[in-house]
Amino acid sequence: MILLIEVADASLAYDHEVKAPLYAQANLADYWILDFQHDRLLLFRAPDLGAGRYRRVDCLAHDERIAPLAFPDLEILVADLFA
């Protein structure tokens, strides 16, 4: 899998605390959570398979841009993901 995007409202804690470690163990390099509770994008990259966690976790605001690791030339405005 190249990229997984979760849409989280009530499931934010589960997505972050349960699913993210599983995806890290599965070596999913690019995992995004659209956090509708806080209007932000949580970005998980650089999985550590042994530890079952991501070494890089970033929080992006609506006015920031992001590109999937697999498609670095495809920049997306975070606000567009919430539209």
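Reading the values: rules and limits
Residues numbered from 1 in each chain as written. Predicted model: local features only at pLDDT ≥ 70, side-chain atom pairs only at ≥ 80, totals over all residues. Heavy atoms only, no water. Pairing = 2+ DSSP bridges. Helix = DSSP H or I, 4+ residues; strand = E, 2+ residues; numbered from the N terminus. Axes fitted to C-alpha atoms, helices over the stretch in contact; angles between N-to-C directions. Patch = residues over 30% accessible without salt bridge, like charges linked within 9 Å, V, L, I, M, F, W, Y side chains within 5 Å. Areas by Shrake-Rupley, 256 points an atom, 1.4 Å probe, with all protein chains shown as cover. Salt bridge = Lys/Arg side-chain N within 4 Å of Asp/Glu carboxyl O.

Visitor: Explain the sheet that holds strand β4 (residues 53-60) to me, using residue names and the numbers behind them.
Guide: Spatially, the four strands line up as an open sheet ordered β1-β2-β3-β4, and their pairing is mixed. With one partner strand each, in any of the chains shown, β1 (4-8) and β4 form the two edges of the open sheet. Recorded for the sheet is a direction-independent mean angle of 20 degrees between the axes of neighbouring strands. The sheet contact formed by β1 and strand β2 (residues 30-35) spans five bridges and is parallel. Within β2, the residue paired with A8 across the bridge is D35.

Visitor: Pulling in residues and values, what's your account of a nonpolar patch on the surface?
Guide: Taken together, I2, F71 and L74 make up a surface patch of nonpolar side chains, about 300 Å² in accessible area. Position of I2 among the secondary structure elements: in the segment before β1.

Visitor: Give me the lowdown on the pairing of β4, citing residues and values where you can.
Guide: Looking along a regular strand, one sees side chains alternate from face to face of the sheet. Direction of pairing for strand β3 (residues 40-48) relative to β4: antiparallel, over a ladder of seven bridges. Each residue of the ladder has a partner; that of F44, found in β4, is V57. Hairpin geometry of β3 and β4 is characterised by an intervening segment of four residues between the two adjacent antiparallel strands and by a positive phi of about 65 degrees at G52.

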